[in-house]
Amino acid sequence: MTIEWGRIRHLLKLGCFAALIVLTADMILGWGTFYDGVPGLPPMWARFLLVSDGRIIASAILGLIGIPLECLCWFAVYRMIKPFSEKDAHDYRAGIIGCLAFGGCGVHVPCCMAAFLLKRFYELNPDAVVNNMKPFLIWFLLPAAVIFLVFFMFAAVVQIRAIAKGNTPLPKWCWIFNILIGIPWIILMRIIGDYPITNALAAAWISIGNLWMMGGLLVITKGKEES
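Summary of the structure given here. As the structure is a prediction and not an experimental result, all values here were calculated from the model.

**Considering empty space enclosed by the protein**
A probe matching the size of a water molecule, rolled over the atoms, marks out where space remains unfilled.
For step 1, the next point in the chain: Counted according to the given criterion, the structure contains 1 cavity of 30 Å³ or more.
For step 2, the next point in the chain: Tallying contributions element by element places helix α7 (residues 129-164) first for the lining of the largest cavity, with 4 residues.
For step 3, the next point in the chain: Within the lining of the largest cavity, the residues separate by chemical class into 7 nonpolar, 1 polar and no charged.

Here it is as structure tokens:
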């Protein structure tokens, strides 16, 4: 049974770097407070009227690069599962492929497009902006987001299961280094309040979770040698 610790740790380090790229992308787009000054437009939507086109484009490009890189780096976990459980490894790989296919181009970039279109529609006709946005959100963003979340949750659950069952060389308690930490992170940010920093960090919940997962596993695998 061969565990390629050198390659695993390389992927974990690269994954931390990718998470920082996506964290930057999410915070650039998410920075700001809810905006109540637009009648008929939900405050969560209205805040994007105050986001510059440059920030939207920068977020889209950074996410387009960083999200696929994040997903590819999950193969560090796959490499730790495969020698112990072919089934868990196969399931985890399916989750990776799904997230890779739908994460960047399918969800993040269309989210940035939605913010961009919101501003254009508002400039053309403020009274019709919601009606103009709904078809885009329903038919172009929502389907990909739902599919992505299915694969995302599937990969996260498989990882927890594999580590907790001992189907990796890691201690079983290392299941805590899981990307789902991002969900309670959102709740925490919302509890703290409506501030630019909390809204930005809430928007970055997946990259926060990825940084927790990759960083934690990188620390745990320190000093590991090929075995």
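**Comments concerning the packing of aromatic side chains**
For step 1, the next point in the chain: If you walk through the whole model with that rule in mind, you get 7 aromatic pairs.
For step 2, the next point in the chain: Between the aromatic rings of F75 and Y78, the centroid separation amounts to 5.4 Å while the plane-to-plane angle is 80 degrees, which identifies the pairing as edge-to-face. With F75 and Y78 both in helix α4 (residues 75-81), this residue pair falls 3 residues apart, about one helical turn.
For step 3, the next point in the chain: An aromatic cluster of at least three residues, connected via ring pairs, comprises F148, F152 and W205.
For step 4, the next point in the chain: Taking NZ or CZ as reference, R120 lies 4.5 Å from the ring centre of F116, over its face.

**Some details on the pattern of salt bridges**
For step 1, the next point in the chain: In this structure the tally under the stated criterion is 9 salt bridges.
For step 2, the next point in the chain: We note a salt bridge from E4 to R79, for which the minimum N-O separation is 2.3 Å. Of this pair, E4 sits in the segment before α1 (5-30) while R79 sits in helix α4, and the two are 75 residues apart along the sequence.
For step 3, the next point in the chain: The exposure class assigned to E4 is partly exposed, which follows from its relative accessible area of 31%.
For step 4, the next point in the chain: Judged by its relative accessible area of 29%, R79 is partly exposed.
For step 5, the next point in the chain: When salt bridges that share partners are traced, they join D53, K119, R120 and E123 into one network.

**A few points about the packing of helix α6 (residues 104-124) against α7**
For step 1, the next point in the chain: Where α6 meets α7, the axes come as close as 10 Å, and the angle between the chain directions of the two elements is 175 degrees. For the element pair α6 / α7, the angle class is roughly antiparallel. Of the residues in α7, those in contact with G106, V107, P110, C111, M113, A114, L117, L118, F121 and Y122 of α6 are V129, N132, M133, F136, L137, L141, A144, A145 and F148.
For step 2, the next point in the chain: Classifying every residue of the contact of α6 with α7 gives 17 nonpolar, 2 polar and no charged.

**Considering the nonpolar core**
For step 1, the next point in the chain: Counting 41 residues, the largest nonpolar core has W74, Y92, F152 and L217 as its most contacted members.
For step 2, the next point in the chain: Within the residue set of this core, elements represented by two or more residues are α1, α3 (53-73), α4, α5 (86-102), α7 and α10 (205-220).
For step 3, the next point in the chain: With 9 residues, the top contributor of residues to this core is α7.

Definitions and limits used
- Residues numbered from 1 in each chain as written.
- Predicted model: local features only at pLDDT ≥ 70, side-chain atom pairs only at ≥ 80, totals over all residues.
- Heavy atoms only, no water.
- 1 Å grid on protein atoms, 1.4 Å probe; cavity = no way out; pocket = protein on both sides within 12 Å on 5 of 7 lines; lining within 4 Å.
- Points joined across faces, edges and corners; volume = space filled by probe spheres on them.
- Helix = DSSP H or I, 4+ residues; strand = E, 2+ residues; numbered from the N terminus.
- Nonpolar A, V, L, I, M, F, W, Y, C, P; charged D, E, K, R; others polar.
- Phe/Tyr/Trp six-rings, centres within 6.5 Å; stacked < 30°, edge-to-face > 60°.
- Lys NZ or Arg CZ within 6 Å of the ring centre and 35° of its normal.
- Salt bridge = Lys/Arg side-chain N within 4 Å of Asp/Glu carboxyl O.
- Buried < 20%, exposed > 50% of the residue type's maximum accessible area, 1.4 Å probe, protein only.
- Axes fitted to C-alpha atoms, helices over the stretch in contact; angles between N-to-C directions.
- Parallel < 35°, antiparallel > 145°, perpendicular 65-115°, else oblique.
- Contact = heavy atoms within 4.5 Å.
- Core = buried A, V, L, I, M, F, W, Y, C linked by side-chain atoms within 4.5 Å.

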